[in-house]
Amino acid sequence: MEYIYAALLLNSAGKEITEDAVKAILVAGGVEANEARVKALVAALEGVDIAEAIEKAAIAPVAAAPAAAAAAPVEEKKEEKKEDTGAAAAAGLGALFG
């Protein structure tokens with residue numbers, strides 16, 4: 001995930017996503033950069049509009065939500081008996097302060 005985060009950070013800063021830039025971010029974050037993974041990431045992102053990809057990814061779950069809600073069975077919620085935990089919480093706090 002660190003590799004993706006590095007690319008997103010570069011994109012957010014308006015910088016070009018290059019092998020050297022990704023490595024620099026990883027090293028600054030204390031991650032030992034794997035050359036093959038860096039090359040694969042940069043190659044995979046070549047020609048990709050990251051902002052557009054993020055927008056599409058954010059829209060997809062929202063568009064699917066109404067269909068999923070309609071298909072989900074409706075469950076009755078049982079009302080649980082709640083105990084008054086205020087006194088118990090106060091007693092627990094008293095133990096912390098002597």
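Our subject is the structure that appears above.
The rules behind each value
Residues numbered from 1 in each chain as written. Predicted model: local features only at pLDDT ≥ 70, side-chain atom pairs only at ≥ 80, totals over all residues. Heavy atoms only, no water. Helix = DSSP H or I, 4+ residues; strand = E, 2+ residues; numbered from the N terminus. Buried < 20%, exposed > 50% of the residue type's maximum accessible area, 1.4 Å probe, protein only. Contact = heavy atoms within 4.5 Å. Axes fitted to C-alpha atoms, helices over the stretch in contact; angles between N-to-C directions. Parallel < 35°, antiparallel > 145°, perpendicular 65-115°, else oblique. Left-handed = near helix turned anticlockwise from the far one by under 90°. Nonpolar A, V, L, I, M, F, W, Y, C, P; charged D, E, K, R; others polar. Salt bridge = Lys/Arg side-chain N within 4 Å of Asp/Glu carboxyl O.

Novice: Describe the overall build of the chain, with residues and values.
Specialist: Looking only at helices and strands, the chain features 5 helices and 0 strands. Along the chain, helices and strands appear, N-terminal first, in the series α-α-α-α-α. Per-residue burial over the chain gives 13% buried out of 98 residues. Put simply, of all contacts in the chain between residues at least 6 apart along the chain, 45% involve residues at least 24 apart.

Novice: Could you give an account of helix α2 (residues 19–28), naming the residues involved and the relevant values?
Specialist: Within the sequence span of α2, burial applies to A21, V22, K23 and L26. Those residues of α2 that are buried are in contact with α1 (2–12) and α3 (35–45).

Novice: Could you give an account of the packing of α1 against α2, naming the residues involved and the relevant values?
Specialist: Axis separation between α1 and α2 bottoms out at 9 Å; the angle between their running directions is 115°. Taken together, α1 and α2 sit at an angle that is classed as roughly perpendicular. Viewed along their axes, α1 and α2 form a crossing whose handedness is right-handed. Residues E2, Y3, A6, L9 and L10 of α1 form the contact with α2, whose own contacting residues are A21, V22, I25 and L26. A class-by-class count of the residues in the contact of α1 with α2 yields 8 nonpolar, no polar and 1 charged.

Novice: How would you summarise the pattern of salt bridges if you had to cite specific residues and measurements?
Specialist: Under the defined criterion, the tally for this structure stands at 3 salt bridges. Linking K23 and E35 is a salt bridge whose minimum nitrogen-to-oxygen distance equals 3.2 Å. Of this pair, K23 sits in helix α2 while E35 sits in helix α3; the two residues are 12 residues apart in sequence, bridging distant segments of the chain. Ionic pairing is found between E52 and K56, a salt bridge with its closest N-O pair at 3.2 Å. Placement of both E52 and K56 in helix α4 (residues 50–71) is noted, with a separation of 4 residues, approximately one turn of the helix.

Novice: Break down the environment of L8 for me, with residues and values.
Specialist: Tracing the sequence through the fold places L8 in helix α1. Classification of L8 by relative accessible area gives partly exposed; the value is 33%. When neighbours within four sequence positions are excluded, L8 is seen to be in contact with I50 and I54.

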